[in-house]
Each structure stands twice: as C-alpha cells, then as structure tokens.
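Summary of the model geometry
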Amino acid sequence: MKHLRTVNDVMTHAVVSVDREATVHDIVGTMRRWGFSALPVLSAEGRVAGVVSEADLLAKAATDLLSKAEGAEESHTVTAGQLMTAPPATVPKDATIAGAARLMARGPFKRLPVVDDDGGLVGVVSRGDLLKIYLRPDGDIAEELRELLTAQLIPAGPAVVHVHVDHGVVQLEGEVPNPTLADVLVRIARAVPGVVDVTSRLHTQLPA
C-alpha cells in the first residue's frame, strides 16, 4: 500500500494555468470554467513565474473604477504577467506533507503550485489534498506502523509490541527492553501520516 509522505503523493497532477500574455478576460474565463480562485502563470519555458488571483483582479477593477472617476483615459490591455504576484510561493514535489502544510498556514494559501527541480509546474496542492492523510484507512496506518516499529525492535532485542488503530488513534501495547525504546516507538508512531493521537501501554521487561 502506498504511504502518503510527500506532496507528490497527494497533489493534483492535472494543472490549469495561464501564460504571461493572458488578458483579464482570459483569466476570468479560465477561473469560472474550472472553479479556481487563483492560477499559476507560466513563463515561455514552462516555469512558474507568478500566481494571479481573484484578489489581483479585484485590485485591478478598483483601479479602473478610480481612473474612470478621475476622467483618465482607459489603459491598454493588462496581462497576467502584469497582474501576477511574483515571485510565487511554490513547493517542491518531494517536500513533506507537513512542510507544505506549514507553508500554506503561514501564507495563508489555499493552493500552492508544485514544481520540479527546474522550476517547472508539475501539479497543484490544496488544503484538501494535504488533509487526505487523515482519510487513510486504519489498516494502512497499522501496516506502516508495524513495518517501522519492527525495524526499531529487531536490533533492540526481544520485545513484543501490538499495534491497534481506531479512527486514526494508535494504541501500542506490549513489552520492550527499556523505557527509552518505548519513548522512541511512541515518537515514531506520532510521525506517521494519518495518525491523530497515540496512547502507550508499553511496559519495560523485568530483568531475568
């Protein structure tokens, strides 16, 4: 079963974008057609040059109304390249889901363009995409946890650990060689995507 670790695992690969020469009419039409509130703006080389949003369009509309009220002549056609916010906030496709979530929260952003090593657009990740990790089936979470915990337990010596997952809440039960290892296992469990909380009933084995 695929583990959801990076932005590439959850992002939307089919991307709608505009080029720098797109007009306001083109931008609004594209937003309405696809239901997006912001669009990546691409350079001629296919790199993400900026992002144009509804807020950018509203600012342009307000400026036009003010100009008309002052009797100014109409400006020439404005393009996405002139309206866009640049440089854009982007996230690499191999970024962790947690890292992308922190960036989105600081913005705040609803969607972020996802780029490859050359800055080319390869997808878009939204808040909803990042929340997919919390929709993982309990069985998938338990399977991943057992693999990770086993890797820690093998070099530690004899131990018995049982993993139970219910609606994302993990319960660890069993015996481990020492309290330090018990703490490590809990920290590992908390870091697994989709885990909501962890309770531990791990006991330290008594000396023979």
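Attention here is on the structure that accompanies the text. Source: prediction; values computed, not measured. (Residues numbered from 1 in each chain as written. Predicted model: local features only at pLDDT ≥ 70, side-chain atom pairs only at ≥ 80, totals over all residues. Heavy atoms only, no water.)

1. Quick word on the pairing of strand β9 (residues 197–204)
Looking at chain direction, strand β8 (residues 169–176) and β9 are connected through eight bridges and run parallel. For Val170, the partnering residue across the bridge sits in β9 and is Val198. Handedness of the crossover is the feature at issue here: the chain leaves β8, passes through helix α8 (residues 179–190), returns alongside β9, and the resulting connection is right-handed. (Pairing = 2+ DSSP bridges. Helix = DSSP H or I, 4+ residues; strand = E, 2+ residues; numbered from the N terminus. Right-handed = clockwise from strand over helix to strand, strands pointing away.)

2. Structural notes on the nonpolar core
Leu145, Val163, Val170, Leu172 and Leu185 are the most contacted members of the largest nonpolar core, which totals 21 residues. Every element with two or more residues in this core is listed here: α7 (138–153), β7 (160–166), β8, α8 and β9. Looking at this core, the element that brings in the most residues is α8, giving six residues. Beyond its immediate sequence surroundings of up to four residues, Leu172 is in contact with Leu149, His162, Val163, Leu185, Val186, Ala189, Val198, Thr199, Ser200, Arg201 and Leu202. If you look at the next biggest cluster of nonpolar residues, it comprises 15 residues, including Met31, Leu39, Leu57 and Ala80. (Core = buried A, V, L, I, M, F, W, Y, C linked by side-chain atoms within 4.5 Å. Buried < 20%, exposed > 50% of the residue type's maximum accessible area, 1.4 Å probe, protein only. Contact = heavy atoms within 4.5 Å.)

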